[in-house]
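Given next are the chains, with one letter for each unit.
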Amino acid sequence: MLGEILPPGTAAAEFFGDIPEVRLLPAEERALGNALPHRRSEFGTARAAARRALTRLGLPPLAVPADPRGVPQWPDGVTGSITHCADYRACAVARTTDVRVLGIDAEPDRPLSAAVVRTIAVPAERTHLVDLEWSGGAQVAWDRLLFSAKEAAFKAVFPQARIELDFPDVEIAINPAAGTFTARLPSVVRRAQGGLPALLPGRWLARSGLLVTAVALPTNQPGGVDG
């Protein structure tokens, strides 16, 4: 499922549910600390997905600890992203020689409350959501897809830029027919990462009650999508 929206040079792994008693490596155990059983199960399955994705990339199944902010720490020369929601855990990785930034997210395909939409969407995006309902139909929870696309963009740029973004800082435009979207970044993030394009390209997929999104910029396309 996730692999369908990722570019060449990227490896992915996903699980629909948790794997019981995943063996964590020492660095991961230290990062997890005294987590509750649910969090331990979720974390362990996500790390199992990460190791499977790394092996598919031709690398050994290394530890993937998290920093104090919960950001996965990848081996040198690797960029990656992890996501989890109810009954779904997934990871995508790539070599930095192939992919410059990478972020993924998964969400249940269910509408958000009006109050949440007002919090995450700028006025232009709220108008865009109305247009999507008319042109794209109600078969997809477009507001939740907007949320997921922003999360994928945050995960793509934060590990390098280390700049905390809020939902109004990134503007999303969804193409319902093509299964794509763009994420407009603030100039401070673009400068912090050595000149990212104004618009990062993304892809999305709705299936089996889930929405999955991915933002990926190939290293050989530093200009990306401009605008």
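It should be noted that the structure appears before, not after, this text.
What counts as what
Residues numbered from 1 in each chain as written. Predicted model: local features only at pLDDT ≥ 70, side-chain atom pairs only at ≥ 80, totals over all residues. Heavy atoms only, no water. Pairing = 2+ DSSP bridges. Helix = DSSP H or I, 4+ residues; strand = E, 2+ residues; numbered from the N terminus. Axes fitted to C-alpha atoms, helices over the stretch in contact; angles between N-to-C directions. Contact = heavy atoms within 4.5 Å. 1 Å grid on protein atoms, 1.4 Å probe; cavity = no way out; pocket = protein on both sides within 12 Å on 5 of 7 lines; lining within 4 Å. Points joined across faces, edges and corners; volume = space filled by probe spheres on them. Nonpolar A, V, L, I, M, F, W, Y, C, P; charged D, E, K, R; others polar. Expected span 1.5 Å × (residues − 1). Buried < 20%, exposed > 50% of the residue type's maximum accessible area, 1.4 Å probe, protein only. Salt bridge = Lys/Arg side-chain N within 4 Å of Asp/Glu carboxyl O.

1. Focus: the sheet that holds strand 3 (residues 88-95)
Overall, antiparallel pairing links the 3 strands, which are arranged 1-3-2 in an open sheet. In this open sheet, the two strands that pair with only one neighbour each are strand 1 (10-15) and strand 2 (78-85). On average, each strand axis in the sheet is tilted by 10 degrees relative to the strand beside it, whichever way the strands run. Packed onto the sheet, helix 2 (residues 37-56) meets strand 1, strand 2 and strand 3 and runs at close to 145 degrees relative to strand 1.

2. A closer look at the layout of surface pockets
Of the voids in this model, the largest pocket is the one considered here, and its volume is about 650 Å³. Every element with two or more residues in the lining of the largest pocket is listed here: helix 2, strand 2 and helix 5 (142-161). Partitioned by chemical class, the residues of the lining of the largest pocket number 13 nonpolar, 5 polar and 8 charged. The volume enclosed by the second largest pocket comes to roughly 210 Å³. Along the walls of the second largest pocket sit 14 residues, with Trp74, Val78, Thr79, Pro159 and Gln160 positioned nearest its centre. Only strand 2 and helix 5 provide two or more residues apiece to the lining of the second largest pocket. Counting residues per element, the lining of the second largest pocket draws most heavily on helix 5, at 4 residues. Partitioned by chemical class, the residues of the lining of the second largest pocket number 7 nonpolar, 5 polar and 2 charged.

3. As for helix 2
Think of an α-helix as turning once every 3.6 residues; residues three or four places apart then point the same way. An ideal rise of 1.5 Å per residue puts 28 Å on 20 residues; helix 2 measures up with 29 Å between its terminal C-alpha atoms. Close packing links the buried residues of helix 2 with strand 1, helix 1 (26-32), strand 2 and strand 3. Once helix 2 ends, the next one or two residues include glycine 58, with phi positive near 90 degrees.

4. A closer look at the environment of threonine 180
Within the fold, threonine 180 resides in strand 6 (residues 180-184). Residue classification places threonine 180 among the partly exposed residues on the basis of a relative accessible area of 27%. Distance from threonine 180 to leucine 205, taken between C-alpha atoms, is 8.7 Å for residues 25 residues apart in sequence. The residues touching threonine 180, leaving out its near neighbours within four places in the chain, are Ala173, Ile174, Asn175, Gly202, Arg203 and Trp204.

5. A look at the pairing of strand 3
Of all 8 residues making up strand 3, 7 are buried, and the element is well covered by its neighbours. Where strand 1 meets strand 3, 6 bridges bridge the pair, whose relative direction is antiparallel. Paired with alanine 11 across the strands is valine 93, a residue of strand 3. As defined by bridge partners, strand 2 adjoins strand 3 across 8 bridges and the pair is classed as antiparallel. Bridge pairing in strand 3 places glycine 80 opposite valine 93. Counting the residues that bridge the hairpin from strand 2 to strand 3 gives 2 residues, and of these aspartate 87 lies at a positive phi of roughly 65 degrees.

6. A look at the sheet that holds strand 8 (residues 210-218)
Spatially, 4-8-7-6-5 is the arrangement adopted by the 5 strands of the open sheet, whose pairing is antiparallel. Looking at which strands have only one partner, the edges of the open sheet turn out to be strand 4 (99-108) and strand 5 (171-175). Sheet twist, expressed as the average angle between the axes of neighbouring strands with direction ignored, equals 20 degrees. In this sheet, strand 8 lies alongside strand 7 (residues 199-207) in antiparallel orientation, the contact comprising 6 bridges.

7. Focus: the pattern of salt bridges
The tally for this structure, following the rule as stated, stands at 9 salt bridges. Overlapping salt bridges bring together Asp18, Arg39, Glu42 and Arg89 as one network.

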